[in-house]
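# Structure at a glance
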Amino acid sequence: MVENSPQQGAGTGSRVPGKLELFLGFAKIGALGFGGVGPWARHVIVEERKWLSEREYASVLGMGQILPGPNVGNASVMIGRGFHGLTGALLATCGLYIGPLCILIVLSLLYDAYGDLPRVAPFMEGVAAAAAGMVIGMALKMGFNLKAPLQLVAVGLLAMLAAAWLRVPLPLIVVILAPLGIWISLRHARVTQGEKAQGERAKP
Amino acid sequence: MILLGQILIAFGTLSFLAIGGAIAILPEMHRLLVDVHHWMDDATFSQLFALAQAAPGPNILAASVMGWHIAGPAGMMAATLGMLVPAACLAWIMAGLTIRLRGNTWMKPAQFGLVPIAVGLIAASGLVMAQAAGTSWLSFVIIGASTVFIWRTKYSPLWVLAGGGLLGLALL
């Protein structure tokens, strides 16, 4: 097992979790993810358990984002597979969904019985506001931690404006901006590699 | 049995459209469940979606609640599997591809090119959520405080959720 080696974003995971830990970690992410699991996923995977560095996690999430389906759900498949193959992917995915599904079953039963939402509206309003702030705060945190080149930051801001303000359909945003982002990133990598001539070593 | 098959197919189709998660496919989900299949009326659809929001987890699980409403536990299972399995398969293939291409020097920069888009879209969904949740001055205070707390500290997000909920209970 690789011991907690602090590396600047490259290579395989910082610390390989066991199968049970993988399941429990994702179960925690799912069960606590009120208002969305994104902030929890980052908190548990990057900060609390240090399975991946900020940059590694961001790369996985980036791929999860351009695929259909929930970005963290897709990330759970990829992270699980990376650590423990098919078993890992299944464990991570089941962990992520098991808690919420149990709660949803209870809520559905209540809804069937009373035909109305549980009377927790003011509490949920407060939670919804907090959850919105959580998501914005997480985006800021990731954005600043990644130290991306300026052109890439511009692509990110463009994606944000298009989605939040202009309400462009997300698939369209992805189709247009993904090639642009990849192109900028590749070009930037080539330039910095030329400057320093000591770029990242590929792992065997 | 036919109904379960229909549920599976309806949500399986939605699954492929869900780039950006549940919010992105909400209009299409509404069209399929309410207008095409007549499985529920407009008000029920909105209530079920709100119900799903009250639970933790990826909000794509709204599909599970809808499935339950249409056909009970089996319906929930069909809707959940329809929603999750196609996306999970694609993610599996994508993971395999990145593992295979790991040795290439261009792989990491190429992957990194997608990151700002992900972060930008996450920020956008936060802003859209804030717009929906910002019903009073207090909710804007909660949104602002929560943003700064998550951005600037490493404490568990649980504090933010509990604090927001309690403030809402006390003052809203």
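Residues numbered from 1 in each chain as written. Chains lettered and ligands numbered in written order. Predicted model: local features only at pLDDT ≥ 70, side-chain atom pairs only at ≥ 80, totals over all residues. Heavy atoms only, no water.

### Regarding the overall build of chain A
Put simply, the test is: A run of DSSP states H or I qualifies as a helix once it reaches four residues; a run of E qualifies as a strand once it reaches two. Both are numbered from the N-terminal end. The rule is simple: take the accessible area with a 1.4 Å probe, protein chains only, and divide by the maximum for that residue type; under 20% is buried, over 50% is exposed, in between is partly exposed. By the convention used here, residues are in contact when the closest approach between their heavy atoms is within 4.5 Å.
When its secondary structure is counted, chain A shows seven helices and zero strands. In chain A, the succession of α and β elements from N to C terminus is α-α-α-α-α-α-α. Looking at chain A as a whole, 50% of its 204 residues qualify as buried. When contacts within chain A are restricted to residue pairs at least 6 apart in sequence, those whose partners lie at least 24 apart make up 57%.

### Topic: the overall build of chain B
Stated formally: Counting rule for charge: Lys and Arg are taken as positive, Asp and Glu as negative, and neither His nor the chain ends is counted. Think of each charge as sitting on NZ of Lys, CZ of Arg, CG of Asp or CD of Glu.
Counting its regular elements, chain B contains eight helices and zero strands. In chain B, which comprises 172 residues, the share counted as buried stands at 50%. Computed over 6 positive and 4 negative side-chain charges, the inter-centroid distance for chain B is 35 Å.

### Observations regarding the domain arrangement of chain B
For clarity, the cut-off: Per the annotation, domain bounds derive from an automatic or database assignment of domains.
Splitting chain B by domain gives domain 1 (2-100) and domain 2 (107-171). Here the C-alpha centroids of domain 1 of chain B and domain 2 of chain B sit 24 Å apart.

### What about the confidence of the model for chain B?
Low pLDDT means the predicted atomic positions in that stretch should not be read closely. Here is the rule we go by: The quantity known as pLDDT measures the predictor's confidence residue by residue, on a range of 0 to 100.
Looking at chain B, pLDDT values average 88 and 99% of them are 70 or higher. Model confidence for chain B, summarised as mean pLDDT per element, is weakest for helix 3 (residues 42-53) of chain B at 80 and strongest for helix 7 (residues 137-152) of chain B at 94.

### Focus on helix 8 (residues 158-171) of chain B
All names here are of chain B. The condition that has to hold: To estimate how far a helix should reach, multiply one less than its number of residues by 1.5 Å. Here the arc refers to the set of directions running from the helix axis out to each C-beta atom.
The terminal C-alpha atoms of helix 8, which comprises 14 residues, lie 20 Å apart, in line with the 20 Å expected from a rise of 1.5 Å per residue. Of the positions making up helix 8, those classed as buried are Val160, Leu161, Gly164, Gly165 and Gly168. Along the axis of helix 8, the buried residues cluster in a sector spanning 125°; they form a single face. Summarising the geometry of helix 8, the exposed residues directed more than 90 degrees from the buried face are Trp159, Leu166, Ala170 and Leu171.

### Topic: a nonpolar patch on the surface
Residues and elements named next belong to chain B. Let me state the cut-off plainly: Patches were defined on residues exceeding 30% relative accessible area and lacking a salt bridge, with like-charge contacts within 9 Å and nonpolar side-chain contacts (Val, Leu, Ile, Met, Phe, Trp, Tyr) within 5 Å. For accessible areas, the Shrake-Rupley method is used with a probe of radius 1.4 Å. Any residue's cover is judged against the shown protein chains and nothing else. The salt bridge criterion pairs a side-chain nitrogen of Lys or Arg with a carboxyl oxygen of Asp or Glu, the two atoms within 4 Å.
There is a patch of nonpolar side chains on the surface, built from Leu8, Met77, Leu81 and Val85 and spanning about 370 Å² of accessible area. By residue number, the principal contributor to the nonpolar patch is helix 4 (residues 62-100), which donates three residues. For methionine 77, the position within the fold is in helix 4.

### Let's talk about the side chain of B:Ser64
Residue and element names in this part refer to chain B. Heads up, the condition is: What qualifies as a polar contact is a pair of N or O atoms within 3.5 Å, subject to a donor-acceptor requirement within protein and to the restriction that residues adjacent in sequence count only when both atoms come from side chains.
Relative to the helices and strands, serine 64 resides in helix 4. The exposure class assigned to serine 64 is buried, which follows from its relative accessible area of 1%. Reaching out from serine 64, the side chain makes a polar contact with the side chain of threonine 80 at a distance of 2.9 Å.

### Overview of the interface of chain A and chain B
The condition that has to hold: Buried area adds together the accessible area that both of two parts lose upon being put together, with accessible area traced by a 1.4 Å probe.
At the junction of the two partners, chain A supplies 98 residues and chain B supplies 88 residues. A combined buried area of about 8100 Å² lies between chain A and chain B, and 79% of that area is made up of carbon and sulfur atoms. Contact with chain B buries area across many residues of chain A, yet A:Pro68, A:Arg81 and A:Tyr111 alone supply 8% of it, more than any other trio. If you look at where chain A meets chain B, you find zero salt bridges. Remark: the boundary between chain A and chain B carries 12 residue pairs in polar contact (both at pLDDT 80 or more). Counting only elements with at least two residues in the side of chain A that touches chain B, the list comes to helix 1 (19-32), helix 2 (38-48), helix 3 (54-66), helix 4 (71-114), helix 5 (121-146), helix 6 (150-164) and helix 7 (170-196) of chain A. Element by element, the count of residues in the side of chain A that touches chain B is highest for helix 5 of chain A, at 24 residues.

### Looking at the environment of A:Gly30
As for its position among the elements, A:Gly30 is in helix 1. Once the C-alpha coordinates of A:Gly30 and A:Ala41 are considered, the two residues, 11 residues apart in sequence, prove to be 8.3 Å apart. Those residues in contact with A:Gly30 that lie beyond four places of it in its chain are A:Val37, A:Leu96, A:Pro100, B:Pro56 and B:Gly57.

### Looking at the pattern of salt bridges
Residue and element names in this part refer to chain A. Applying the stated criterion to the full structure yields seven salt bridges over all chains. Of the charged contacts, one joins glutamate 21 and arginine 15 as a salt bridge, the two residues approaching to 3.0 Å between their closest N and O atoms. In this structure, lysine 28 engages glutamate 48 in a salt bridge whose closest nitrogen and oxygen atoms are separated by 2.6 Å. Taken together, the residues span a long stretch of sequence, with lysine 28 in helix 1 and glutamate 48 in helix 2 at a distance of 20 residues. What emerges from the salt-bridge pattern is a single network uniting Arg42, Glu47, Glu54 and Lys141.

### Topic: the confidence of the model for chain A
Taken over all residues, the pLDDT of chain A has a mean of 84, while the share at 70 or more is 85%. Across residues 1-12 of chain A, where pLDDT falls below 50, the model places 25 contacts with residues more than four positions away in sequence or in other chains.

### Some thoughts on the nonpolar core
Here is the rule we go by: To define a nonpolar core, start from buried Ala, Val, Leu, Ile, Met, Phe, Trp, Tyr and Cys residues and group those joined through side-chain atoms within 4.5 Å.
Within the largest apolar cluster, 111 residues are counted, with the highest numbers of intra-cluster contacts made by A:Ile45, A:Tyr57 and B:Phe11. Beyond its immediate chain neighbours, meaning those up to four positions away, A:Ile45 contacts A:Phe26, A:Ile29, A:Lys50, A:Trp51, A:Leu52, A:Tyr57 and A:Ile79.

### Remarks on unusual backbone geometry
The phi torsion at A:Lys147 lies on the positive side, around 50°, for a residue other than glycine. Its place among the elements puts A:Lys147 in the loop between helix 5 and helix 6. The backbone of B:His38 sits at a positive phi, close to 55°, despite the residue not being glycine. Along the chain, the position of B:His38 falls in the loop between helix 2 (22-36) and helix 3. With relative accessibility at 62%, the residue B:His38 sits in the exposed group.

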